[in-house]
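# Structure assessment
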Amino acid sequence: MSEKVVLAYSGGLDTSVSIKWIKEKYGFDVVTCTIDVGQKEDLSEIAQRSKKIGSVNHHTIDAKEEFVKNYIWKSIRSNSLYEGAYPLSTALARPLLATKLVEVAEKENAVAVAHGSTGKGNDQVRFDVTVKALNPKLKVIAPVREWNLNREDEIKYAKRNGIPVSESKSIFSVDQNLWGRSIESGPLEDPFVEPPQEAFEWCVPLENTPNDPEYLDLEFEKGIPVSIDGKKTDPVNLINYVNAKAGLNGFGVIDHMEDRLVGIKSREVYECPGALTLINAHSDLEKLVLTRHELAFKSKVEQEWSWLVYAGLWQEPLRIALDSFIETTQERVSGTVRVRFYKGTMKVVGRKSENSLYQHKLSTYGRTSTFDQNAALGFIQLWGLPSIVANEKRLEKKTNGKIKAVPLARKYSNASRKNGN
Ligand code: ARG
């Protein structure tokens, strides 16, 4: 009996070719594993295809809830947007997939795991690093990377070997899960070309969106969305619901130039209606309940967190340590955010929380204000002191001493005596 390898099997061209290729070139028996992270594909059809091509065993794993609870929730709490744009939909799922591959490999007594990533992208890094961090004994095989395979060669190989692949289901390379849909290649490779409508499946073209605005009330508990319009909703359905509502209103398309970990710039197009809605709503709620110091520091942590996750370092202790910080900040992030969708836009139009730090009696310009405006004067004197001192020096030099620097303390105390303050 040959040694076994567990292949992450999506059912697409790369991984279908890999089943035969691995057996032929490496001599391993191939066990395939399809992990459901909400990609909405026919999983039993994929299982059959795997067997038909020649796998010795196939595993189908439903990891949707785990994906939401252990990955998506963390990314909402950290308002995660790589380069300010990409909600990490593909990036977040990879470490989960890698974890499942390792589990199956250990169950199957396999010596290696395999994936269909190329040598040009981020996904290879995410798979390899996670697998190695969890079980350094496992080898990682990536046929497309190791043999420099391209699409044309793969199609030829598939035809020669009777591998049933839908020749070119799409001109695009697509990866999708509950958190979003990544679309690459084809006409999108020219960054100046507007993405054609065929690229999109989740976000409705503006001309077909409702003519009246639609609203959602999103309730968060400790930074996690728990109910929609007052109805408690389980995690997977909640994400699906927000994806559908936002997508039907044409909201959620992202088109941006992205810096891949390996140094390549690429034009990336995504549909992430639910992710963008929930992250925006969550970050708005934080502005109501967190202090300015918490917000300022957290935004740096968020950037670092997003970068680590994008760069394949889910297992990095720093990521885990940052998570602890983020979790602590979420204690008070409970409340409701009202969002409005209209013709491709999403806006937060209201927010409330029992932990709100907003105090009407302080911020109002009306008669009921309790804020002592006189307190501002002394505050400004001290707040501006370093800048004022620096400028006095500059002025003195510029005017050759004609305008002399006056010690601030005296100047202000005279002024305040004169003003009777
Ligand atoms: N650029 C994105 C990322 O690195 C999306 C990658 C999409 N992957 C794919 N196989 N189509 O996360």
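As a reminder, the structure under discussion sits directly above these lines.
Because the structure is predicted, anything quoted here is derived from the model rather than measured. (Residues numbered from 1 in each chain as written. Predicted model: local features only at pLDDT ≥ 70, side-chain atom pairs only at ≥ 80, totals over all residues. Heavy atoms only, no water.)

Let's shift gears to the overall build of the protein. Across its full length, the protein carries 15 helices and 14 strands. Against the 2.2 N^0.38 benchmark of 22 Å for 421 residues, the protein shows a C-alpha radius of gyration of 28 Å, more extended than a compact globule. Along the first, second and third principal axes, the C-alpha atoms of the protein reach 95 × 55 × 45 Å. Going through the 421 residues of the protein one by one, you find that 48% of them count as buried. Pairs at least 24 apart in sequence give 71% of the contacts found in the protein among residues at least 6 apart. A total accessible area of about 21900 Å² is found for the protein, and carbon and sulfur atoms account for 53% of it. Here the protein contributes 58 positively and 55 negatively charged side chains, and the mean placements of these two sets differ by 8 Å. (Helix = DSSP H or I, 4+ residues; strand = E, 2+ residues; numbered from the N terminus. Rg over C-alpha atoms; globule rule 2.2 N^0.38 Å. Buried < 20%, exposed > 50% of the residue type's maximum accessible area, 1.4 Å probe, protein only. Contact = heavy atoms within 4.5 Å. Areas by Shrake-Rupley, 256 points an atom, 1.4 Å probe, with all protein chains shown as cover. Lys, Arg positive; Asp, Glu negative; His and termini not counted. Charge placed at Lys NZ, Arg CZ, Asp CG, Glu CD.)

Looking now at the layout of surface pockets. When its volume is computed, the second largest pocket comes out at roughly 180 Å³. Together, Gly38, Lys40, Gln176, Glu201, Trp202, Asn240, Asn243, Ala244, Gly247 and Leu248 line the second largest pocket. It is helix α8 (residues 235–248) that provides the largest number of residues to the lining of the second largest pocket, a total of five residues. Among the residues making up the lining of the second largest pocket, the classes are represented as three nonpolar, five polar and two charged. (1 Å grid on protein atoms, 1.4 Å probe; cavity = no way out; pocket = protein on both sides within 12 Å on 5 of 7 lines; lining within 4 Å. Points joined across faces, edges and corners; volume = space filled by probe spheres on them. Nonpolar A, V, L, I, M, F, W, Y, C, P; charged D, E, K, R; others polar.)

In total, this model carries 13 aromatic pairs according to the counting rule given. Centroid distance Tyr82 to Tyr310: 3.6 Å. Interplanar angle 10 degrees. Geometry classified as stacked. With Tyr82 in the loop between α3 (64–77) and α4 (89–107) and Tyr310 in helix α10 (residues 292–310), this pair connects stretches of sequence that are 228 residues apart. Tyr82 gets classed as buried once you look at its relative accessible area, which sits at 7%. With a relative accessible area of 0%, Tyr310 lands in the buried category. Aromatic pair Tyr86 and Tyr270: ring centres 4.1 Å apart, planes at 10 degrees, arrangement stacked. Of this pair, Tyr86 sits in the loop between α3 and α4 while Tyr270 sits in strand β12 (residues 265–271), placing them 184 residues apart in sequence. Tyr86 sits in the buried class, given a relative accessible area of 2%. Relative accessible area serves as the criterion here: at 1%, Tyr270 is assigned to the buried category. Taken together, Tyr82, Tyr86, Tyr270, Trp307 and Tyr310 form an aromatic cluster joined through their ring pairs. Positioned above the aromatic ring of Tyr310, the side-chain terminus of Arg126 is 5.0 Å from the ring centre. (Phe/Tyr/Trp six-rings, centres within 6.5 Å; stacked < 30°, edge-to-face > 60°. Lys NZ or Arg CZ within 6 Å of the ring centre and 35° of its normal.)

Let us now look at the nonpolar core. Here is a general trend for soluble globular proteins: nonpolar side chains tend to be buried in one another's company. Within the largest apolar cluster, 73 residues are counted, with the highest numbers of intra-cluster contacts made by Phe67, Ile72, Leu92 and Trp179. No other element matches the ten residues that α4 contributes to this core. In this structure Ile72 touches Phe67, Leu92, Leu178, Trp179 and Ile239, once residues within four positions along its chain are discounted. If you look at the next biggest cluster of nonpolar residues, it comprises 22 residues, including Leu7, Leu13, Tyr157 and Ile163. (Core = buried A, V, L, I, M, F, W, Y, C linked by side-chain atoms within 4.5 Å.)

A few words now on a nonpolar patch on the surface. There is a patch of nonpolar side chains on the surface, built from Leu261, Val262, Ile264 and Trp307 and spanning about 290 Å² of accessible area. Mapped onto the fold, Trp307 is located in helix α10. (Patch = residues over 30% accessible without salt bridge, like charges linked within 9 Å, V, L, I, M, F, W, Y side chains within 5 Å. Salt bridge = Lys/Arg side-chain N within 4 Å of Asp/Glu carboxyl O.)

On inspection of all chains with the given rule, the structure shows 28 salt bridges. With a closest N to O distance of 2.8 Å, Asp29 and Lys23 form a salt bridge. By relative accessible area, which is 14% here, Asp29 ends up buried. Given the relative accessible area of 38%, Lys23 is considered partly exposed. Note that Glu286 is salt-bridged to Lys298, the shortest N-O span being 2.8 Å. Of this pair, Glu286 sits in helix α9 (residues 273–289) while Lys298 is found in helix α10, placing the two residues twelve residues apart along the sequence.

Another aspect to go through is the sheet that holds strand β6 (residues 173–177). With antiparallel pairing, four strands are arranged side by side in an open sheet as β6-β7-β12-β11. What marks the edges here is a single partner per strand, and that holds for β6 and β11 (253–259). Neighbouring strand axes in the sheet, compared pairwise and without regard to direction, differ in orientation by 25 degrees on average. Pairing geometry for β6 and strand β7 (residues 180–184), over five bridges, is antiparallel. Looking at the pairing, Asp175 lines up with Ser182 of β7. (Pairing = 2+ DSSP bridges. Axes fitted to C-alpha atoms, helices over the stretch in contact; angles between N-to-C directions.)

Over its 14 residues, α3 extends 18 Å from the first C-alpha to the last, a length consistent with the 20 Å expected when each residue adds 1.5 Å. At Tyr71, α3 is bent by approximately 30 degrees, the largest bend along its length. All buried positions along α3 are accounted for by Phe67, Val68, Tyr71, Ile72, Trp73, Ser75, Ile76 and Arg77. Remark: Asn79 follows α3 within two positions and exhibits a positive phi of approximately 45 degrees. (Expected span 1.5 Å × (residues − 1). Bend = angle between axes of the 7 residues up to and from the residue.)

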